[in-house]
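# Structural overview for review
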Amino acid sequence: MTDLSKLTIAGARDAMRKGDMSSAELTGAFLKEIEGAGALNAFVHHTPEIAQNQAKAADARIKAGDAPAMCGIPLGIKDLFCTKGVPSQAASGILEGFKPEYESTVTTQLFDAGAVMLGKLNMDEFAMGSSNETSAYGNAVNPWKAGNDGADLTPGGSSGGSAAAVSADLCLGATGTDTGGSIRQPAAFTGITGIKPTYGRVSRWGVVAFASSLDQAGPMTKDVRDSAIMLEAMCGHDPKDSTSADLAVPNFEAMLTGDIKGKVIGIPKEYTMDGMPAEIEKLWADGKDMLKDAGAEIRDITLPHTKYALPAYYVIAPAEASSNLARYDGVRFGHRAKLDAGDGITEMYEKTRAEGFGPEVQRRVMVGTYVLSAGFYDAYYNRARKVRALIKQDFETVFADGIDAILTPATPSAAFELGANFDPIQMYLNDVFTVTVNLAGLPGIAVPAGVDAKGLPLGLQLIGRPWEEGDLLNVAYTLERAAGFVAKPDKWW
Amino acid sequence: MSIDTETARRVAKLARIKVEDDALPALASEFSAILGFIEQLNEVDVDGVEPMTSVTPQRLKRREDVVTDGDQQVKVLANAPDAREGFFAVPKVVE
């Protein structure tokens, strides 16, 4: 085998089980790829020793015939996950030097299944951003370029490092997290697959919290089958997360039959936006035809409160963030500001947080503080929670009417240039198609489905019924096979 | 709603984030833009709607009320910027 980095998780698993290669070889190949990919700034903490040891252990397990699907599979881990003894900074200056004394449940499960950690991946600070430009590590860079234009593009955010790493073949899969679109938007921008499961499917324990009622972790992989395999290893009940669902985890891969005959796919009219690029409209229409040709029934639906999802999100997420990020006080972990003579504890808090948090995080913490403050709590926070209930009701209504999955564009554009300098609200609009899914707690998946005129990947999103990730993955698998997306970025790094 | 610099100063104080005086006007105008965007929510009729508390209907699990964890002082203090004699150390809080 010549280029191991081009394999999929499924392909590598099968090859290792047959004895065609070892995890040590595979891991070595990826460590070399990562070494040569500094220009992408995807991996921000490298863990080659851990990787080599895990690979060795995985090889022993595979040889013994006791190997789960993820055994020996080299992964990148988003910096938001606490990994024992390895820097876990959430791409923030305030967690500089923080090395957790514990392992997140998701990484524990992956490592117990034999997966190999290559290192930690770049992201927006505390997962707040849509372009990976708020990171304390600097921008991650999209491996894709717009035609002959050499300008660096964003890999999206917040899981920008995860997306860049998977797209550039620096790992077989990566963990991501998604609070408003942070798995699906970067997946769409880099031509890979990413699924945000139902809220409660994956434990949040040990994942640095942004907005606890919206955060969910999920896999980012080269194709739908790999997402199914990796998601299964990440899911499951965890007593350490009180919102974790005590439900059996199905064999998602076995549900990929490619048969969606009789399934009803909803097309929400509210997702047609003014000024939407013609290429995205066409992609959406093509996706509809592909699912129809595969035997699904296409039905127009309405989700009337869609327009209010982003404004509701930008109350609820900052409110929860302001509460969650109160723990960064310079006392228990991370950065503490240098104090002047006479400074008391309040000055310590204020200086530490001003130095440690970047501008977008400060902005959101303060907006959250404002909407929760006395006199505004009802007008902003409670109203947003009521609108959230209505958004969820919209989805419940269409599911009760027999809709199995909903097809929408994943993003309102292809990847844009780094440094485009949007104002905060323009940046927030990136999540216009994805954020409803978090507010309603539903599973959503982004699948690459085509390229634009400049050759940049475009993704479609499928939204499923709660807890029915298996069916959702099967629809996505059908769409993937019909779209036949095989383009890869030309290697320039 | 338009946010003035005094309100911006008060919010920064509540959030325990030091903002220099000369940065307050720009911050106030950013807040105003974001709150203007949020105010679209006023168009929605929310009469009789209960605010969402949990996105997936579930009852919290119960367990025996017993100690299940603890005795990890060294680990708890391992990442502290300043820890002394088994405690977190901070600037003087009371005179």
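First, a word on scope: everything that follows refers to the structure included in this document. Treat the numbers as computed from the prediction; the structure is a model and nothing was measured.

### With respect to the overall build of chain B
Of the regular secondary structure elements, chain B holds 3 helices and 2 strands. Scanning chain B from its N terminus toward the C terminus, one meets helices and strands in the order α-α-α-β-β. In terms of overall dimensions, chain B is more spread out than a globule: its C-alpha atoms have a radius of gyration of 23 Å, far above the 12 Å expected for 95 residues. Each of the 95 residues in chain B was classed as buried or not, and the buried ones make up 32%.

### Brief notes about the pattern of salt bridges
Pairing between side chains becomes possible if they bear opposite charge and their charged atoms approach one another. Residue and element names in this part refer to chain A. Going through the model one piece at a time under the given rule, you end up with 33 salt bridges over all chains. With its nearest N and O atoms 3.1 Å apart, the salt bridge here joins E469 to R201. Of this pair, E469 sits in helix α15 (residues 469-483) while R201 sits in the loop between β5 (193-196) and β6 (216-221), and the two are 268 residues apart along the sequence. Neither E469 nor R201 differs from the other in exposure class; each is buried. Between D404 and R465 there is a salt bridge whose closest N-O contact spans 3.9 Å. Here R465 lies in the loop between β11 (457-464) and α15 and D404 lies in the loop between α12 (377-400) and β9 (405-409), a separation of 61 residues in the sequence. Relative accessible area serves as the criterion here: at 24%, D404 is assigned to the partly exposed category. With a relative accessible area of 22%, R465 lands in the partly exposed category. Overlapping salt bridges, with partners in common, bring together D3, K6, D169, K222 and K488 in one network.

About the thresholds
Residues numbered from 1 in each chain as written. Chains lettered and ligands numbered in written order. Predicted model: local features only at pLDDT ≥ 70, side-chain atom pairs only at ≥ 80, totals over all residues. Heavy atoms only, no water. Helix = DSSP H or I, 4+ residues; strand = E, 2+ residues; numbered from the N terminus. Rg over C-alpha atoms; globule rule 2.2 N^0.38 Å. Buried < 20%, exposed > 50% of the residue type's maximum accessible area, 1.4 Å probe, protein only. Salt bridge = Lys/Arg side-chain N within 4 Å of Asp/Glu carboxyl O.

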